[in-house]
Amino acid sequence: MEFSEKLQQLRKQKGFTQEELAEILYVSRAAVSKWESGDSQT
């Protein structure tokens, strides 16, 4: 399982929206969206 899939699965299990997770991590919602889509560069 890739990071993007695991992140989305865990976020949904905890009942967080992308916006809520972004606030917890002090990042933008767009960053969370990119991570979940696998669109971010490492």
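Just above, that's the structure.
Description of the structure in this document. (Residues numbered from 1 in each chain as written. Predicted model: local features only at pLDDT ≥ 70, side-chain atom pairs only at ≥ 80, totals over all residues. Heavy atoms only, no water.)

A look at the packing of helix 1 (residues 3-14) against helix 3 (residues 29-37)
In the contact formed by helix 1 and helix 3, the axes pass within 6 Å of each other and the chain directions differ by 120°. As the angle between them shows, helix 1 and helix 3 are arranged oblique. Listed contacts from helix 3 to Phe3, Ser4, Leu7, Gln8 and Arg11 of helix 1 are Trp35, Glu36 and Ser37. Looking at the contact of helix 1 with helix 3 residue by residue, the class counts come to 3 nonpolar, 3 polar and 2 charged. (Axes fitted to C-alpha atoms, helices over the stretch in contact; angles between N-to-C directions. Helix = DSSP H or I, 4+ residues; strand = E, 2+ residues; numbered from the N terminus. Parallel < 35°, antiparallel > 145°, perpendicular 65-115°, else oblique. Contact = heavy atoms within 4.5 Å. Nonpolar A, V, L, I, M, F, W, Y, C, P; charged D, E, K, R; others polar.)

Examining the side chain of glutamine 18
By secondary structure assignment, the location of glutamine 18 is in helix 2 (residues 18-25). When neighbours within four sequence positions are excluded, glutamine 18 is seen to be in contact with Arg11, Arg29, Val32, Ser33 and Glu36.

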